[in-house]
Amino acid sequence: MPATIIDGNAIAAEIRGEVAARVSAHVDGGGAVPHLTAVLVGDDAASATYVRNKARACAEAGIDARTLTPPADISQDDLLEIVGGLNDDPTVSGILVQLPLPPHIDERAVTEAVDPDKDVDGLHPVNLGRLVQGQPHLVPATPAGVQQILLRTGNDPGGKRVVVIGRSTLVGKPLALLLGQKAEGANATVTLAHTGTSDLGAVAREADILVVAAGRPNTVTAEMVRPGAVVIDVGTNRVDDATRKRGWRLTGDVEFEGVSQVAGAITPVPGGVGPMTIAMLLVNTLRAAGVA
Ligand code: L34
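Computed from a predicted structure; not experimentally measured. (Residues numbered from 1 in each chain as written. Predicted model: local features only at pLDDT ≥ 70, side-chain atom pairs only at ≥ 80, totals over all residues. Heavy atoms only, no water.)

Asker: Any chance you could break down the site of the ligand for me, citing the residues and the numbers?
Answerer: Around the ligand there are 16 residues in total, and K54, V97, L99, D121 and G271 lie nearest to it. Between the ligand and the protein, one listed contact pairs a nitrogen atom with a backbone N or O atom of V97 at 2.8 Å. Here a nitrogen atom of the ligand and a backbone polar atom of L99 are 2.9 Å apart. Protein chains shield 85% of the accessible area of the ligand, which is 680 Å² for the free molecule. Contributing elements (two or more residues each) for the shell around the ligand: helix 2 (45-60) and helix 10 (273-288). (Near = heavy atom within 4 Å. Polar contact = N/O pair within 3.5 Å; in protein donor to acceptor, adjacent residues only side chain to side chain. Areas by Shrake-Rupley, 256 points an atom, 1.4 Å probe, with all protein chains shown as cover. Helix = DSSP H or I, 4+ residues; strand = E, 2+ residues; numbered from the N terminus.)

Structure below.
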């Protein structure tokens, strides 16, 4: 039986609606309008799309948003100065520096410069450390989005075997920590697989829930999936496609056609995890603003 296709757009819309209701109650009660400043360095087309979608989602939820767009050749010092100014600005509740940054900039230095209490990406070592300690505050948006997809589709990870493929700081590592925590909505037995894993297929087939965040198309094919497993595809790869007017299409890390014949449920790309990342950014912005 073919897999249920999980509608990430619908789940994300539901969460954005919840955020909007909380913002309006907060503002009606005399609270300040939460504010997100996004920093988009240079002119990477995919990053520009994602940041535009983030700003629009904020506006629709009643969160004040603006995007700063320094040029690709900005110096590291100048970028750190921008971040410092945002840290010091009491009207800014959340700060997001879209990744990747140009190669001459040290991403770690920039990530560490953001005030942890305004770090709506959850990537500052203090926030990652809180997650390690089992006291999460601001959790990276994509892992938080994956957790919400599971919970809101009746696939509570508690007691299940979760295999995460990919060990990035943005997704794989924090997701493994998040789902492995001793907490409601977590409590999974987590395996973190990666490019060094031998017999990845055998490891993946152990999964009740298989999360693929490898950053490479076709990392997971049908024979790597246990029949009935839940497959969450975090990949957002732009691949050439001459049949499309713009010359490319978006594809995930999972070979969708084959895997959707085996899995019990699967997220599509687009329309799966991507919109959830944006919804959870809004949740984090509320939290940073002290609304939640
Ligand atoms: N700092 N950098 C920082 N924070 C993040 O959370 C991100 N990420 C990843 C890349 N760099 C980052 C994102 O924002 C990936 N990502 C992201 C966000 C949104 C979407 C995809 C990736 C998204 O909206 N995807 C849509 C399709 C959009 C399109 O048409 O291209 C989808 O339906 O999947």
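Having seen it, we continue.
Asker: An account of the pairing of strand 9 (residues 237-240) is needed here, citing residue identities and associated values.
Answerer: The side-chain alternation of strand 9 yields one buried face, formed by N237 and V239, and one unburied face, formed by R238 and D240. Bridge count for strand 9 against strand 10 (residues 248-251) is 4 bridges, and the pairing is antiparallel. When the bridges of strand 10 are listed, V239 appears paired with R249. (Buried < 20%, exposed > 50% of the residue type's maximum accessible area, 1.4 Å probe, protein only. Pairing = 2+ DSSP bridges.)

Asker: So what's going on with the sheet that holds strand 1 (residues 4-5)? Residues and values would help.
Answerer: As a general point, the strands of a sheet are linked pairwise by backbone hydrogen bonds and lie either parallel or antiparallel. One open sheet holds the 6 strands; their spatial order is 1-11-8-7-5-6, and the pairing between them is parallel. The outermost strands of the open sheet, each flanked by one partner alone, are strand 1 and strand 6 (189-193). Packed on one face of the sheet, helix 6 (residues 141-152) meets strand 7 (209-212) and strand 8 (230-233) and runs near 150 degrees to strand 8. (Contact = heavy atoms within 4.5 Å. Axes fitted to C-alpha atoms, helices over the stretch in contact; angles between N-to-C directions.)

Asker: Before we move on, could you go through unusual backbone geometry and cite the residues and values that matter?
Answerer: Trans is the prevailing form of peptide bonds, just as negative phi is the prevailing case for residues other than glycine. Omega for the peptide link from L99 to P100 comes to 5 degrees, which places this bond in the cis form. Within the secondary structure layout, P100 lies in the loop between strand 4 (94-97) and helix 4 (107-113). Put simply, V269 and P270 share a cis peptide bond, and its omega is 0 degrees. With respect to the element layout, P270 can be found in the loop between strand 11 (265-266) and helix 10. Within the chain, D199 stands out as a residue other than glycine whose phi angle is a positive 50 degrees. Summarising the element assignment, D199 is placed in the loop between strand 6 and helix 8 (200-204). With relative accessibility at 55%, the residue D199 sits in the exposed group.

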